[in-house]
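This is what each chain is made of:
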Amino acid sequence: MGMVQTLGDFLDRLLNRRAKELFGVKPVSTVELNDYLDRCTKAYRGDPDWLNDDDGVVTINFAQTVAAEVALLTTMNAEITLTGSPRAEWLQEQVNTILAALRQWCEYGCAYGTAIIKPYGDGVELVLPDRFRIVANDGGKITGVVFIDRRHDPASDRWFSRLEYHRIEDGIYTVSNRYFQGVSEKDEGRQVAMEVTPWVDDAIADDATIEGADRLLFGIFRTPAANNKEPGSPMGLPVFATALEELKDLDVAYSRNAEEITDSKRMVLLDTDRLFATGQNPPPAGKRREAAIQSNGFPKFVKAVEGMGSMEREVYHEINPSLETDKRLTGINALLSQIGFKCGFSNGYFVFNEKTGMVTATQVESDDRRTLQMVNDMRKALKSCLADTITALNWFADAYGLAPKGAYEIAYDFADLTLNEEEDKARWWGYVVQGKVPAWVYFAKFEGYTEEEAKALVAAADTEDPDLAPEE
């Protein structure tokens, strides 16, 4: 990178330096942890530090695959329902916006280790670690965060920055805002009043206090595993953080296998005397030779070479490289298994050889217990973040009169990863046979009927043909 400063480096310096100058605070995380998290971020984005053009090492970006898989399992069929009052109805509208992006947001949280769901005005947004710094924490509880927001004003062609400092001190919640104007994207600019910035319509005070708030007014999602790089840090680690070396080895193994396949092309080397008439002197060369070979109907794998001038020394040689794919696949699967285990999955979760055959829910619980535990822990972390986000939205509704006051109840629902449909159907049909559940419930639950259609079907069976019943 040399002396070239990236936008990320600029924002990092701006956020750290301005936060110290204006608020007298600095990030609680060390430079070493930040460098490690930056290495993880590059791996997730598909630009790991082990790429090597000279050695042919590319990346299959498996770090992103791991983060995406954890997010998929964590948010599968996620539903959040709020009831109890008109306030609950308003909160439900905001939560629906979060649900629409929840899987993607969860993936980012898994990939970066820490992410914040932050209410603003009449909406919510996801803020990643490059746009905030944790500056205070008390026994693991985060009590101070500085955010940075950047906007470009096309009319004036100016860049504006806003630093927003949230903290709880002596039981008082305070939010401070400071604004800057620059002439380019990487210009720190000078401090200006809010009235000349794009945030003027938000009417945000430079300093504001909120009474009664005992927690920061946003949700913080942190991966549940301990931060072994900096014990006691409030920052979480990416879900693949402990498997960086294995991810590197996987990319090398894949690159070697892909290179071998690329070089495995069959080739037949033939003397030019065998390809062209003896009277053609000299035979065509270069591209003309290749064109002549193709025009004569020879396969593409035929390559013309110069002979040695005698029949005894004419050239005819076949090259048929053998592949070591099976052996390499064994090594790749071993790496995949190591990566999966270190990322919290059950052994063998990631393999190129597909699992075959039907498994029961009991087998799933036995074989994938480690995966299920990991997903359960991730869901707890996600629900804690969402609960704090909803609390923050409720405070905003009170502060700005966005919805009538009222109590609300939250219900979370996620997919049961051990559910087996055939076993579930058999169990529910048993309930019907035992007279514990009406037959129409079974039809509506498993056969695609509406409640009205299912009840009509049962009524028709009772009146016309009592023997009508679905097979088990």
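First, a word on scope: everything that follows refers to the structure included in this document. (Residues numbered from 1 in each chain as written. Predicted model: local features only at pLDDT ≥ 70, side-chain atom pairs only at ≥ 80, totals over all residues. Heavy atoms only, no water.)

Some points on the overall build of the protein chain
To keep things clear, this is the line we draw: Numbered from the N terminus, helices here are DSSP runs of H or I no shorter than four residues, and strands are runs of E no shorter than two. For each residue, the accessible area found with a 1.4 Å probe, counting protein chains only, is set against the maximum for its type, and the residue is called buried under 20%, exposed over 50%, and partly exposed in between. Residue contacts are defined here by distance: any two heavy atoms, one from each residue, within 4.5 Å place the two residues in contact. Here the Shrake-Rupley method, with its probe set to 1.4 Å, supplies the accessible areas, and only the displayed protein chains count as covering residues.
A count of helices and strands for the protein chain gives 13 helices and 14 strands. Expressed as a percentage of its 472 residues, the buried residues of the protein chain come to 41%. Taking contacts inside the protein chain between residues at least 6 apart in sequence as the whole, the part at least 24 apart equals 65%. Accessible surface for the protein chain amounts to roughly 26300 Å². Of this, 50% is attributable to carbon and sulfur atoms.

With respect to the packing of aromatic side chains
Basically, it comes down to this: Pairing of aromatic side chains requires ring centres within 6.5 Å, counting the rings of Phe and Tyr and the six-membered ring of Trp. Pairs whose planes differ by under 30 degrees are stacked, by over 60 edge-to-face, and all others tilted. Remark: a charge is flagged as sitting over a ring if the NZ atom of Lys or the CZ atom of Arg is within 6 Å of the ring centre and within 35 degrees of the ring normal.
Throughout the structure, instances matching the rule amount to 13 aromatic pairs. Their ring planes at 55 degrees and their centres at 6.3 Å tell us that Phe132 and Phe147 sit as a pair that is tilted. Placement of the pair is Phe132 in strand 4 (residues 132-138) and Phe147 in strand 5 (residues 141-153), with a sequence separation of 15 residues. Each member of the pair, Phe132 together with Phe147, is buried. Between the aromatic rings of Phe345 and Phe350, the centroid separation amounts to 4.9 Å while the plane-to-plane angle is 70 degrees, which identifies the pairing as edge-to-face. Each of the two residues, Phe345 as well as Phe350, counts as buried. The ring centre of Phe147 lies 5.2 Å from the NZ or CZ of Lys118, which sits over that ring. Between the NZ or CZ atom of Arg370 and the centre of the ring of Phe341, over which it lies, the distance is 3.8 Å.

Some remarks on empty space enclosed by the protein
Where empty space is left in the structure can be found by rolling a water-sized probe over the atoms. Which entries qualify depends on this criterion: Cavity and pocket criteria rest on a 1 Å grid covering protein atoms alone: a 1.4 Å probe that fits but cannot get out defines a cavity, protein on both sides within 12 Å along at least 5 of 7 lines defines an open pocket, and an atom within 4 Å of a point defines a lining residue. Grid points are joined across faces, edges and corners, and a volume is the space filled by probe spheres set on the points. Lys, Arg, Asp and Glu make up the charged group, whereas Ala, Val, Leu, Ile, Met, Phe, Trp, Tyr, Cys and Pro make up the nonpolar group; the residues left over, Gly among them, are polar.
Enumeration over the complete set of coordinates arrives at two cavities of 30 Å³ or more. In this structure, the largest cavity spans a volume of roughly 50 Å³. For the lining of the largest cavity, the secondary structure elements donating two or more residues are helix 4 (86-112), strand 2 (114-120) and helix 10 (369-400). The biggest single contributor to the lining of the largest cavity is helix 4, with three residues. Of the residues in the lining of the largest cavity, the class split is nine nonpolar, no polar and no charged. There is about 50 Å³ of room inside the second largest cavity. What lines the second largest cavity is simply Ala43, Pro48, Trp50, Thr59, Asn61, Phe62, Ala63, Leu247 and Asp251. Those elements that place two or more of their residues in the lining of the second largest cavity are helix 3 (62-75) and helix 5 (244-262). Residues of the lining of the second largest cavity, tallied by class, amount to six nonpolar, two polar and one charged.

Details of unusual backbone geometry
For Asn61, which is not a glycine, the phi torsion comes out positive at approximately 55 degrees. Counting through the fold element by element, Asn61 comes out in the loop between helix 2 (31-44) and helix 3.

Comments concerning the packing of helix 5 against helix 8 (residues 325-342)
For the record, the criterion: Helix axes are fitted only over the stretch in contact, all axes being lines through C-alpha atoms; the angle between N-to-C directions runs from 0 to 180 degrees. Throughout, the term roughly parallel applies to angles under 35 degrees, roughly antiparallel to angles over 145, roughly perpendicular to angles from 65 to 115, and oblique to all others. For a crossing to be left-handed, the near helix must be turned anticlockwise from the far one by less than a right angle; the clockwise case is right-handed.
Interaxial distance between helix 5 and helix 8 falls to 10 Å at its minimum, and their mutual angle equals 160 degrees. Between helix 5 and helix 8, the crossing angle belongs to the class labelled roughly antiparallel. For the pair helix 5 and helix 8, the crossing hand works out as left-handed. Of helix 8, the residues touching helix 5 (which contributes Glu246, Leu247, Asp249, Leu250, Ala253, Tyr254, Arg256, Asn257 and Glu260) are Thr325, Arg328, Ile332, Leu335, Leu336, Gln338, Ile339 and Lys342. A per-class count over the contact of helix 5 with helix 8 returns eight nonpolar, three polar and six charged.

A word on the side chain of Asp251
How we decide: When charges are counted, Lys and Arg contribute as positive and Asp and Glu as negative, whereas His and the chain ends are disregarded. Note on definitions: salt bridges are taken to be side-chain nitrogens of Lys or Arg within 4 Å of carboxyl oxygens of Asp or Glu. Pairing of N or O atoms within 3.5 Å defines a polar contact, subject to two protein rules: one partner must be a possible hydrogen donor and the other a possible acceptor, and residues neighboring in sequence count only if both atoms are side-chain atoms.
Locating Asp251 in the fold gives a position in helix 5. We note that Asp251 is buried and unpaired, the nearest opposite charge coming from Arg39 at a distance of 9.9 Å. Within the structure, the side chain of Asp251 is placed 2.8 Å from the side chain of Trp50, a separation counted as a polar contact. Residues within four places of Asp251 in sequence aside, it is in contact with Pro48, Trp50, Val58, Thr59, Ile60 and Asn61.

What about helix 12 (residues 439-446)?
Using the following cut-off: Note that the arc is computed from the directions linking the helix axis to the C-beta atoms.
Buried within helix 12 are the following residues: Ala439, Tyr442, Phe443 and Phe446. Taken down its axis, helix 12 places every buried residue within 95 degrees of arc, on the same side. Positive phi appears at Gly448, one or two residues downstream of helix 12, with a value of about 85 degrees.

With respect to the sheet that holds strand 10 (residues 219-222)
Sheet strands pair via backbone hydrogen bonds, and the direction of the pair is either parallel or antiparallel. The cut-off we apply is this: Two strands make a pair as long as DSSP finds a minimum of two bridges between them.
Read across the open sheet, the three strands follow the order 3-2-10; overall the sheet is antiparallel. Pairing within the sheet leaves two strands with one partner each, and these edge strands are strand 3 (123-127) and strand 10. For this sheet the average axis-to-axis angle between neighbouring strands, irrespective of direction, equals 20 degrees. Looking at chain direction, strand 2 and strand 10 are connected through four bridges and run antiparallel.

Quick notes on the pattern of salt bridges
Enumeration over the complete set of coordinates arrives at 22 salt bridges. The partner of Arg17 in a salt bridge is Glu188, with the nearest N and O atoms 2.1 Å apart. Taken together, the residues span a long stretch of sequence, with Arg17 in helix 1 (residues 7-23) and Glu188 in the loop between strand 7 (172-182) and strand 8 (190-192) at a distance of 171 residues. Across the pair Arg131 and Asp130 runs a salt bridge whose closest N-O atoms are separated by 3.9 Å. What makes Asp130 partly exposed here is its relative accessible area of 36%.

Observations concerning the nonpolar core
Operational definition: Buried Ala, Val, Leu, Ile, Met, Phe, Trp, Tyr and Cys residues form a nonpolar core when they are joined through side-chain atoms within 4.5 Å.
If you look at the biggest cluster of nonpolar residues, it comprises 83 residues, and the most contacted ones within it are Val66, Val145 and Phe240. A total of 13 residues in this core trace back to one element, the largest contributor, which is helix 4. What Val66 contacts, discounting residues up to four positions off in sequence, is Val239, Phe240, Ile339, Cys343, Phe345 and Phe350. Judged by nonpolar contacts, the second largest core, of 13 residues, contains Ala19, Val135, Val146 and Ile148.

Some points on the layout of surface pockets
Quantified by volume, the largest pocket comes out at close to 980 Å³. As for the largest pocket, its lining consists of 26 residues, and the residues nearest its centre are Gly8, Asp12, Asn34, Asp38 and Arg133. Mapped by element, the contributors of at least two residues to the lining of the largest pocket are helix 1, helix 2 and strand 4. The residue makeup of the lining of the largest pocket, split by class, is eleven nonpolar, six polar and nine charged.

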